[in-house]
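An overview of the molecular structure
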Amino acid sequence: MTLVVENLISGYGAVPVLHGITFRQEPGEIVGIVGNNGMGKTTLLKTLMGLLATKGGSTSFHGTDFANLPAHRRSRIGFGYVPQGASGFPNLSVLESLQLATVVGPGGRAKGIDEILELFPELSKYLNRSSSALSGGERQMLSIARAVIRSPKLLLLDELSEGVQPSIVEKLAERLVHLHATENIGILVVDQELGFVASVAKRALVIHKGRISHEISAERLSDLDLLGGSIRSSSCGSFST
Ligand SMILES: Nc1ncnc2c1ncn2[C@@H]1O[C@H](COP(=O)(O)OP(=O)(O)OP(=O)(O)O)[C@@H](O)[C@H]1O
């Protein structure tokens, strides 16, 4: 299912943040969104999920215009979302958290717990542990599993690697690649950790001051200089839709 974003404008109250974002993501594709702090990555995902209002432009998924759909309807059209710093339900066990995610509205379909544990075998070890007693990486694994239970067509992931040790970030990347291969899920991955983005996506879009400045291949991501408040890349092509 193709995601088409054209000239998307959004922000917080009267404060504009996205000034006209345009890109296209093909069905089952993994695309990275990278950029310096405060450039609008999280704002983009929140707007796509309906947590922030679209103030201009258009967004469609598999031909359905979703700009005016409320957030809960966006999961019905196939969006799954793991927000930055997702903490889940600290008072529930891992199993209870998964079970809660299987409760879907009319017409929705949830995977069974066995099916989800096949995709995320490491969670089997922690089923009875309180979610608050998980490490950062284990918590992220749980958050992804909870989103995947609803069989999304497109997963939006915000800063999964934040605060997670490098060896576990590698495991998260492996899990996403496996998920993509077995379930054919499209993934839009926002992350500051460029190595993580390069290990899951073939291409990334660079966001700068609320606009996509250019596109870069995964191989070239290590050339990207995100330091000093500016984005410079000597060797990537310009962005086109
Ligand atoms: N709730 C809010 N109210 C007003 N402005 C906000 C709010 N949240 C974020 N902003 C501003 O919107 C701009 C974009 O923020 P956003 O969180 O989208 O950036 P980001 O690229 O995801 O950055 P980071 O990598 O630091 O998470 C920033 O200038 C930020 O200060």
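The rules behind these values
Going along each chain's sequence as written, the residues are numbered from 1 onward. Note on the predicted model: pLDDT of at least 70 is required for a residue's local features to be given, and 80 or more for side-chain atom pairs to be given and counted; whole-chain, interface and lining totals, by contrast, use all residues. Numbering of helices and strands runs from the N terminus; a helix is a DSSP stretch of H or I covering at least four residues, while a strand is a stretch of E covering at least two. Radius of gyration: over C-alpha atoms. The globule rule applied is 2.2 Å multiplied by the number of residues raised to the 0.38 power. We call two residues in contact whenever the C-beta atoms placed from their backbones are within 7 Å. DSSP-based pairing: two strands are paired if at least 2 bridges between them are found. Note on definitions: angles span 0 to 180 degrees between N-to-C directions of axes, and those axes are lines fitted to C-alpha atoms, for helices only across the stretch in contact. Neighbour density around each residue's C-beta defines its exposure: 20 or more other C-beta atoms within 10 Å make it buried, 12 or fewer make it exposed, and counts between make it partly exposed, where C-beta atoms are placed from the backbone. Nearness rests on one distance test: the residue's C-beta atom, set from the backbone, must lie within 6 Å of the molecule or strand. Any residue outside Ala, Val, Leu, Ile, Met, Phe, Trp, Tyr, Cys, Pro, Asp, Glu, Lys and Arg is labelled polar, Gly included; the first ten of those are nonpolar and the last four are charged. Put simply, a nonpolar core is a cluster of buried Ala, Val, Leu, Ile, Met, Phe, Trp, Tyr and Cys residues tied together by C-beta atoms within 7 Å. The score called pLDDT rates the predictor's confidence residue by residue, from a low of 0 to a high of 100. By definition, the arc is the one covered by directions from the helix axis to the C-beta atoms.

On to the overall build of the chain. The number of helices and strands found in the chain is seven helices and ten strands. Since a compact globule built from 241 residues should have a radius of gyration of about 18 Å, the 17 Å found for the chain is in line with a globular shape. A principal-axis box enclosing the C-alpha atoms of the chain has dimensions of 50 × 40 × 35 Å. Across the chain, the fraction of contacts at a sequence separation of at least 24, relative to all contacts at a separation of at least 6, is 65%.

Spatial ordering of the open sheet is given by S6-S7-S8-S3-S9-S10, a layout of six strands whose pairing is mixed. Lying at the two open borders of the sheet, with one neighbouring strand each, are strand S6 (79-82) and strand S10 (211-217). Shown here is a sheet whose adjacent strand axes are inclined to one another by a mean of 20 degrees, direction ignored. As judged from the four bridges shared by strand S3 (residues 30-34) and strand S8 (residues 186-190), these two strands associate in the parallel manner.

Here the focus is the environment of His72. The residue His72 is located in helix H2 (residues 71-76) in this model. You can call His72 exposed: it has 9 C-beta atoms within 10 Å. When the C-alpha atoms of His72 and Met49 are compared, they prove to be 8.6 Å apart, with 23 residues separating the residues in sequence.

Before going further, it helps to spend a moment on the site of the ligand. Tyr12, Val15, Val17, Gly35, Asn37, Gly38, Met39, Gly40, Lys41, Thr42, Thr43 and Gln192 make up every residue found near the ligand. Every element with two or more residues in the shell around the ligand is listed here: strand S2 (15-25) and helix H1 (41-48). Among the elements that line the shell around the ligand, the one with the most residues is H1, at three residues. Of the residues assigned to the shell around the ligand, the class counts are four nonpolar, seven polar and one charged.

The pairing of strand S1 (residues 3-12) with strand S4 (residues 56-61) spans five bridges and is classified as antiparallel. Considered in S4, the bridge of Val4 is made with Ser60. As paired elements, S4 and strand S5 (residues 64-65) share two bridges and run antiparallel to each other. The residue bridging Ser60 from the neighbouring strand is Asp65, located in S5. Here S4 folds back onto S5, and the loop between the two strands holds two residues, one of which, His62, carries a positive phi near 55 degrees.

In this section: the nonpolar core. Judged by nonpolar contacts, the single largest core of 61 residues is most densely connected at Leu156, Ile187, Val189, Val197, Val200 and Ala204. It is helix H5 (residues 136-148) that provides the largest number of residues to this core, a total of six residues. When sequence neighbours within four positions are dropped, the list of residues in contact with Val197 reads Gly32, Val34, Val189, Asp191, Ala204 and Leu221.

Before going further, it helps to examine the environment of Leu52. Following the sequence through the fold, Leu52 ends up in the loop between H1 and S4. For the pair Leu52 and Ile9, spaced 43 residues apart in sequence, the C-alpha to C-alpha distance is 10 Å.

As a further point, take the confidence of the model for the chain. On average, residues of the chain carry a pLDDT of 89, and 92% of them reach 70 or more. A low-confidence stretch, residues 227-241 (pLDDT under 50), is modelled with 31 contacts involving residues beyond four sequence positions or located in other chains. Confidence estimates for the predicted assembly give a pTM of 0.90 and an ipTM of 0.97.

Next up on the list: helix H3 (residues 94-101). Given 3.6 residues to a turn, an α-helix orients residues that are three or four positions apart in the same direction. Among the residues of H3, Val94, Ser97, Leu98 and Ala101 are the ones counted as buried. Down the axis of H3, the buried side of the element spans an arc of 95 degrees, and every buried residue falls inside it. Packed against the buried residues of H3 are helix H4 (113-119) and H5.

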